[in-house]
Amino acid sequence: EDKVVQSPLSLVVHEGDTVTLNCSYEVTNFRSLLWYKQEKKAPTFLFMLTSSGIEKKSGRLSSILDKKELFSILNITATQTGDSAIYLCAPHNYGQNFVFGPGTRLSVLP
Amino acid sequence: DTEVTQTPKHLVMGMTNKKSLKCEQHMGHRAMYWYKQKAKKPPELMFVYSYEKLSINESVPSRFSPECPNSSLLNLHLHALQPEDSALYLCASSQEPDPSRPQHFGDGTRLSIL
């Protein structure tokens, strides 16, 4: 059975801090891993990772995948209060089924 | 505002009522999804439509009945729901009928069953 673990489950930091969110997975026939940010309502897409070792960047956010060790990290530098959200990772296989990880709830205090 | 529009935003219904949730996207996406999300939990996939055909039903009870009238619309018909069905129902779409590709989510319908 596919398994996804995210850590930490909850994190409180102050503006300007750098955070690292972790996602480890056990997925048969792995294809890609997606990161989403969910504030109050709709999850919004952040990154799609398919290859090991290639960092994806978008502003202060970056993410990387390690297919050998079966994990991904999401980094946020110089955090802002607007980064407060739940960050979800979702590893996918070549089938149609997938699960989201439990999410990391990030709170950034002013 | 998102490019996937869900109505209504909130819905309160009794266990004997029949209601429908609606989802619309005009991005030309060929796959649409329904998710259920309980408080402090991640979204759980319920149904996937690819090219207007149901391709995945994740063992969802028959009191939830999806319908895809055309490539832009997705409905979820509700009948005889239980209190534990109270949740946020999210609709999403993706350009290709492939869940491993990025999905665009609507803001959801918050459903309360009395």
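A. Here's a closer look at a positive patch on the surface. Residues K40 and K41 of chain A together with K9 and R110 of chain B make up a contiguous surface patch of positive charge. Tracing the chain through its elements places K9 of chain B in the loop between strand 1 (4–7) and strand 2 (10–13).

B. Focus on the state of the cysteines. Scanning all chains against the criterion turns up two disulfides over all chains. One disulfide bridge connects C23 of chain A with C89 of chain A, the sulfur atoms lying 2.0 Å from each other. Looking along the S-S bond of the C23 of chain A-C89 of chain A disulfide, the torsion reads about 65°, which is the right-handed sense. With C23 of chain A in strand 3 (residues 19–26) and C89 of chain A in strand 9 (residues 85–93), this residue pair connects regions lying 66 residues apart in the sequence. C23 of chain A sits in the buried class, given a relative accessible area of 1%. Taking the relative accessible area as the measure of exposure, C89 of chain A reaches 0% and is therefore buried. Disulfide partner of C23 of chain B: C91 of chain B, at an S-S distance of 1.9 Å. Torsion about the S-S bond of the C23 of chain B and C91 of chain B cystine: about -70°, corresponding to left-handed handedness. Of this pair, C23 of chain B sits in strand 3 (residues 18–25) while C91 of chain B is found in strand 9 (residues 87–94), placing the two residues 68 residues apart along the sequence. The exposure class of C23 of chain B is buried, given its relative accessible area of 1%.

C. Representation of the sheet that holds strand 8 (residues 71–76) of chain A. Residue and element names in this part refer to chain A. Pairing within the open sheet is antiparallel, and its five strands lie in the order 1-3-8-7-6. The open sheet terminates on both sides in strands that have one partner only, identified here as strand 1 (3–7) and strand 6 (56–58). Going across the sheet, the axis of each strand differs from the next one's by a mean of 15°, ignoring polarity. Relative to strand 8, strand 7 (residues 61–66) is paired through six bridges, and the arrangement is antiparallel. Opposite D66, over in strand 8, you have F71 as the bridge partner.

D. Structural view of the interface of chain A and chain B. Of the residues lining the interface, 19 residues belong to chain A; the matching set on chain B comes to 22 residues. Between chain A and chain B, roughly 1700 Å² of surface is buried when both sides are summed, and carbon and sulfur atoms account for 58% of that area. Scanning the region where chain A abuts chain B turns up one salt bridge. One salt bridge connects R31 of chain A with D98 of chain B, and the closest N-O pair in it is separated by 2.7 Å. In this structure, the connection of chain A to chain B is made through five residue pairs in polar contact (both at pLDDT 80 or more). Broken down by secondary-structure element, the contributors of at least two residues to the side of chain A that touches chain B are strand 4 (30–38), strand 5 (43–49) and strand 9 of chain A. Among the residues forming the side of chain A that touches chain B, the class breakdown is 10 nonpolar, six polar and three charged.

E. Just the side chain of D85 of chain B, in detail. Residues and elements named next belong to chain B. Along the chain, D85 falls in the loop between strand 8 (73–79) and strand 9. Taking relative accessible area as the criterion, D85 reaches 2% and is therefore assigned buried. Within the local environment of D85, its side chain forms a polar contact with the backbone nitrogen of Q82, the two atoms lying 2.7 Å apart. When sequence neighbours within four positions are dropped, the list of residues in contact with D85 reads K36, R63, F64, L111 and I113.

F. Spotlight on the sheet that holds strand 8 of chain B. Residue and element names in this part refer to chain B. Taking strand neighbours across the sheet as the criterion, the four strands line up as 1-3-8-7 in an open arrangement whose pairing is antiparallel. Two strands close off the open sheet at either side, each with one partner strand: strand 1 and strand 7 (64–70). Sheet twist, expressed as the mean angle between neighbouring strand axes with direction ignored, is 20°. Here strand 1 pairs with strand 3 via four bridges, running antiparallel. Its bridge partner being in strand 3, T5 is matched across the sheet by E24.

Conventions adopted
Residues numbered from 1 in each chain as written. Chains lettered and ligands numbered in written order. Predicted model: local features only at pLDDT ≥ 70, side-chain atom pairs only at ≥ 80, totals over all residues. Heavy atoms only, no water. Patch = residues over 30% accessible without salt bridge, like charges linked within 9 Å, V, L, I, M, F, W, Y side chains within 5 Å. Areas by Shrake-Rupley, 256 points an atom, 1.4 Å probe, with all protein chains shown as cover. Salt bridge = Lys/Arg side-chain N within 4 Å of Asp/Glu carboxyl O. Lys, Arg positive; Asp, Glu negative; His and termini not counted. Charge placed at Lys NZ, Arg CZ, Asp CG, Glu CD. Helix = DSSP H or I, 4+ residues; strand = E, 2+ residues; numbered from the N terminus. Disulfide = S-S within 2.5 Å. Buried < 20%, exposed > 50% of the residue type's maximum accessible area, 1.4 Å probe, protein only. Pairing = 2+ DSSP bridges. Axes fitted to C-alpha atoms, helices over the stretch in contact; angles between N-to-C directions. Contact = heavy atoms within 4.5 Å. Buried area = accessible area lost by both parts, 1.4 Å probe. Polar contact = N/O pair within 3.5 Å; in protein donor to acceptor, adjacent residues only side chain to side chain. Nonpolar A, V, L, I, M, F, W, Y, C, P; charged D, E, K, R; others polar.

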